[in-house]
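# Descriptive structure summary
Below, each chain spelled out in residue letters.
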Amino acid sequence: MVFLSSNQTMIQIILGVIIVSIGIFVFYKYPMKSDVRQVTLGALFVILAIILKRLAVMVPFLGFPSLKITLEVLPLIVAGLTLQPGYCFIVSIATDFLGLVLANAGGFPFLGFTLNAVLQTEIPCLLKIYLNEKNERLLERIVKIVMVIISLLGCLYVFKINEVNISGSSYQVTLPIKFTIFVIIAAMLTILFVFIRYYKNKLKEKDLCLFHLSILSVVAIELTVTMFLTPYWLQTMYGIPFFASQFVRILKSCVMIPVGIIIVYTMNRMIQKVIR
């Protein structure tokens, strides 16, 4: 929680309107149906997300002092791929609220991070609704195109940057570091394509569709929340320049995207088997 200036208060109002509008759209477009199983799963996802949030760790990476690794978003993505839109909205709000209560922070909660939680469930849910019935080959093509574009943009950004500021300290991005990151990005893309080809031959069409949706969901959240919204909220709250932390976020994404895809798909497949 943070204490807000007048400008930040205006942003809070706008964010509140956006969150309420999303809630109205979700509950109007997709009316909730009473379902004990959905309620039980929703409660489980909230508990998992809160526990994982408390287990975040800071690790050194490529000579930089710290890289925060947290898996709290993964249960929210799985919730989006499992629950109805209305339940997804409730899960995200409950997770954000309980997380703030347990953190015992003072002041008024910044609604930008509440919006993050809402998007982390609703984006996968809407992808599931609108893409689940699409042709499997089209879905695979979308996945590959999106991953190639992200990899190229990541490489271009790393190539152009020569210095990065972390916690007030400046670090030189040397050619060996850039080359290492290029290799990591290329390896991530190659491994992902190998996985897609492997599962394409092994899985049934419904399970393969679930695998592709897991990829799109993790990537969409990394792009919208991790790479764009969170840096903007930090700039709004603390005056941290938008691009100041982008380099570290690219490093984090190189780790979290493949790990996230594997965990999200595995969790979702296990839950689907139990539900069936």
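For every chain, the first residue of its written sequence is number 1, and the numbers climb from 1 along that sequence. At least 70 in pLDDT is required for a residue's local features to be given in this predicted model, at least 80 for side-chain atom pairs to be given and counted, and no such filter applies to totals for whole chains, interfaces and linings, which use all residues. To get the side-chain values, all heavy atoms of the structure are used, and hydrogens and water are removed first.

### Digging into the overall build of the protein
- Secondary structure is summarised from DSSP: a helix means a run of H or I of at least four residues, a strand means a run of E of at least two, and numbering begins at the N terminus for each. Helices and strands together make up the secondary structure of the protein, namely nine helices and four strands.
- Reading the protein from its N end, one meets helices and strands in the order α-α-β-β-α-α-α-α-β-β-α-α-α.
- The proportion of buried residues among the 276 residues of the protein is 47%.
- Contacts are assigned to residue pairs with any non-hydrogen atoms lying within 4.5 Å of each other. In the protein, 79% of the contacts between residues at least 6 apart in sequence involve partners at least 24 apart.
- When the accessible surface of the protein is split by element, carbon and sulfur atoms take 69% of a total near 14500 Å². With a 1.4 Å probe rolled over the protein chains alone, any residue whose accessible area is under 20% of its type maximum counts as buried; one over 50% counts as exposed, and the rest are partly exposed. Working definition of accessibility: Shrake-Rupley area with a 1.4 Å probe, residue cover restricted to the visible protein chains.

### Examining the environment of Leu156
- You can see Leu156 is positioned in helix α6 (residues 136-160).
- Given a relative accessible area of 48%, Leu156 falls into the partly exposed group.
- C-alpha of Leu156 to C-alpha of Phe182: the two residues are 26 residues apart in sequence and 9.6 Å apart in space.

### Notes on a nonpolar patch on the surface
- Among the surface-exposed residues, Met10, Ile13, Ile14, Val17 and Ile18 lie close enough to one another that they form a single nonpolar patch of about 450 Å² accessible area.
- Position of Met10 relative to the elements: it lies in helix α1 (residues 6-29). The patches reported here contain residues having more than 30% relative accessible area and no salt bridge. Joining distances are 9 Å for like charges and 5 Å for nonpolar side chains (Val, Leu, Ile, Met, Phe, Trp, Tyr). Here, a salt bridge means any Lys or Arg side-chain nitrogen found within 4 Å of an Asp or Glu carboxyl oxygen.

### Description of the packing of aromatic side chains
- Two aromatic rings from Phe, Tyr or Trp, using only the six-membered ring of Trp, form a pair when their centres are within 6.5 Å; if the ring planes differ by under 30 degrees the pair is stacked, by over 60 it is edge-to-face, and anything between is tilted. Taken as a whole and judged by the stated rule, the model has six aromatic pairs.
- Geometrically, the ring pair formed by Phe25 and Tyr30 is edge-to-face, given 6.3 Å between the ring centres and 85 degrees between the ring planes.
- One aromatic cluster is present, built from ring pairs that chain together Phe110, Phe113, Tyr232 and Trp233.
- Above the plane of the ring of Phe159 lies Lys178, whose end atom (NZ or CZ) is 5.8 Å from the centre. Whether a charge sits over a ring depends on NZ of Lys or CZ of Arg being within 6 Å of the ring centre and within 35 degrees of the ring normal.

### Examining the side chain of Asn116
- Relative to the helices and strands, Asn116 resides in helix α5 (residues 111-131).
- Classification of Asn116 as buried rests on a relative accessible area of 4%.

### Structural notes on the side chain of Asp96
- Positionally, Asp96 belongs in helix α4 (residues 85-103).
- Positive: Lys, Arg. Negative: Asp, Glu. His and the chain ends are not part of the count. It turns out Asp96 is buried and unbridged, and the closest side chain with the opposite charge, Lys53, is 5.6 Å from it.
- Think of a polar contact as two N or O atoms within 3.5 Å of one another; within protein, one of them needs to be a possible hydrogen donor and the other a possible acceptor, and neighboring residues in sequence only count if both atoms come from side chains. Of the polar contacts made by the side chain of Asp96, one reaches the side chain of Thr114; its length is 2.7 Å.
- Not counting residues within four places of it along the chain, the set of residues in contact with Asp96 comprises Phe113, Thr114 and Ala117.

### Re the packing of helix α3 (residues 73-82) against α5
- To obtain each axis, a line is fitted to C-alpha atoms, and for helices this fit is confined to the stretch in contact; angles are then taken between N-to-C directions over 0 to 180 degrees. α5 packs onto α3 with a crossing angle of 35 degrees between their chain directions and a minimal axis gap of 7 Å. Crossing angle aside, the handedness with which α3 passes α5 is right-handed. Residues Val73, Leu76, Ile77, Gly80, Leu81 and Thr82 of α3 touch α5, and the partners they reach there are Ala117, Gln120, Thr121, Pro124, Cys125 and Lys128.
- In this classification, Asp, Glu, Lys and Arg are treated as charged, Ala, Val, Leu, Ile, Met, Phe, Trp, Tyr, Cys and Pro as nonpolar, and every other residue, Gly included, as polar. Tallied by class, the residues present in the contact of α3 with α5 amount to seven nonpolar, four polar and one charged. The crossing is said to be left-handed when, going from far helix to near helix, the turn is anticlockwise and less than a right angle, and right-handed when the turn is clockwise.

### Details of the environment of Leu52
- Its location among the elements puts Leu52 in helix α2 (residues 36-54).
- Setting aside residues no more than four positions away along its own chain, Leu52 makes contact with Thr70, Leu71, Glu72 and Pro75.

### Quick notes on the state of the cysteines
- Count a disulfide wherever a pair of cysteine sulfur atoms falls within 2.5 Å. For the structure on display, the rule yields zero disulfides.
- Among the cysteines around Cys125, which has no disulfide bond, Cys88 carries the closest sulfur, lying 3.9 Å off.

### Some remarks on the nonpolar core
- Counting residues in each nonpolar core, the largest one holds 59 residues, and the members touching the most others are Phe45, Ile77, Leu83, Met147, Phe211 and Ile215.
- Sort the elements by how many residues they give to this core and helix α8 (residues 205-238) lands first, with 15 residues.
- Within the second largest apolar cluster, eleven residues are counted, among which are Val158, Ile161, Ile181 and Ile185. Each nonpolar core is a collection of buried residues, namely Ala, Val, Leu, Ile, Met, Phe, Trp, Tyr and Cys, held together in the definition by side-chain atoms within 4.5 Å.

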